[in-house]
Amino acid sequence: MTEVPEVPTGPGEPIRVLVVEDDPVAADAHVMYVGRVPGFVAVGKAHTGAEARRLLDRTPVDLLLLDLHLPDAHGLQLARSLRAAGYHADVIAVTSARDLTVVREGVSLGVVQYVLKPFTFATLRDRLVRYAEFRGAAGEASGQDEVDRALAALRAPGPAALPKGLSAPTLERVTEAVREATEGLTAAGVAEEVGISRITARRYLEHLVEAGRAERKPLYGQVGRPELVYRWVKGGAGKGR
């Protein structure tokens, strides 16, 4: 469990975020991401539910950036126990879980957003900015429209933007292929496995590299230019489970 210097509370002060993530590398990445978003500050990080509870006993927290797969408890179990104990921090769940039953259960426990792995900084930044807009709404609503606008701040208008020519379904298939290949894959290997052209595969692979979710290294020992091998970055911000 790691803490950062105390941040004063009060109007206009940063939104305090506690990162709860069992993988140390991913936790560091999430802390870094939070620090890059104006109006937010990471007040600590915990690798287990028990560590999160101990930190919450000592440090005011507004928002949990919570991985749902912790070594000592499911994230929703932790959220439920925190509510029962009187903690009122909101929750953004960071997970690869796509079970809508889990999503519905999370709503009742203060989960205001879900960020699905793999994700980029831009995706998390969008969710944090929308949460800040929702949190900043104050006073009495003049009518239904104003209530609707406050709630709509939490809802993204659509999938996070990808570079032109890339699609989310294909990116997910490429991501899965690279993640499952322990020895890495070349663009040709991804193209064959996913069913796309080699050029298209390279574009998706380079996108994963730019997002920090994959790395590329040259493969020597063949005639001509060395071929690039792409490997998943274990524990990266976009790590899946």
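Reading guide: rules and limits
Along each chain, the written sequence defines residue order, and numbers are assigned to residues from 1. For a predicted model such as this one, the threshold for reporting local features is a pLDDT of at least 70, and the threshold for listing and counting side-chain atom pairs is 80 or more; totals across whole chains, interfaces and linings nevertheless cover every residue. The side-chain quantities take in all heavy atoms of the structure and omit both hydrogens and water. Buried residues of nine kinds, namely Ala, Val, Leu, Ile, Met, Phe, Trp, Tyr and Cys, make up a nonpolar core once their side-chain atoms join them within 4.5 Å. When a residue's accessible area, from a 1.4 Å probe over protein chains only, is under 20% of the maximum for its type it is buried; when over 50% it is exposed; and in between it is partly exposed. Helix and strand definitions follow DSSP, with helices as H or I runs of at least four residues and strands as E runs of at least two, each counted in order from the N terminus. Residue contacts are defined here by distance: any two heavy atoms, one from each residue, within 4.5 Å place the two residues in contact. For this analysis, a salt bridge means a side-chain nitrogen from Lys or Arg found within 4 Å of a carboxyl oxygen belonging to Asp or Glu. Strand pairing is assigned whenever DSSP detects at least two bridges linking the two strands.

Caption draft 1: How the structure looks around the nonpolar core. Leu18, Val20, Leu56, Val61, Leu64, Leu66 and Leu78 are the most contacted members of the largest nonpolar core, which totals 24 residues. Contributions of two or more residues to this core are made by strand E2 (15–20), strand E3 (40–46), helix H2 (49–58), strand E4 (63–67), helix H3 (75–84), strand E5 (90–95) and strand E6 (111–116). Here leucine 66 is in contact with Val20, Gly75, Leu78, Val91, Ile92, Ala93 and Val94, once residues within four sequence places are set aside.

Caption draft 2: Up close: the pattern of salt bridges. Summed over all chains, the structure comprises seven salt bridges. Lysine 45 serves as the salt-bridge partner of aspartate 28, at 2.0 Å between the closest nitrogen and oxygen. Placement of aspartate 28 in helix H1 (residues 24–35) and of lysine 45 in strand E3 is noted, with a sequence separation of 17 residues between them. With a shortest N-O distance of 3.2 Å, arginine 198 and glutamate 227 are connected by a salt bridge. Of the two residues, arginine 198 is situated in helix H9 (residues 198–210) and glutamate 227 in strand E8 (residues 227–232); the sequence distance between them amounts to 29 residues. Exposure remark for arginine 198: the relative accessible area of 43% places this residue in the partly exposed category. You can call glutamate 227 buried: its relative accessible area is 18%.

Caption draft 3: Molecular detail of the pairing of E4. Of all five residues in E4, five are buried; the element is thus mostly enclosed. Burial along E4 is two-sided: the residues Leu63, Leu65 and Asp67 and Leu64 and Leu66 are all buried. Pairing of E2 with E4 involves four bridges; the strand directions are parallel. Note on E4: the bridge partner recorded for valine 20 is leucine 66. Taken together, the five bridges between E4 and E5 define a ladder with parallel strand orientation.

Caption draft 4: Spotlight on helix H8 (residues 187–194). Inspection of H8 places Ala187, Gly189, Val190, Ala191 and Val194 among the buried residues, and these make up the whole buried set. One or two positions beyond H8, positive phi appears at glycine 195, with a value near 90°.

Function cannot be read off these values alone, since they describe shape.
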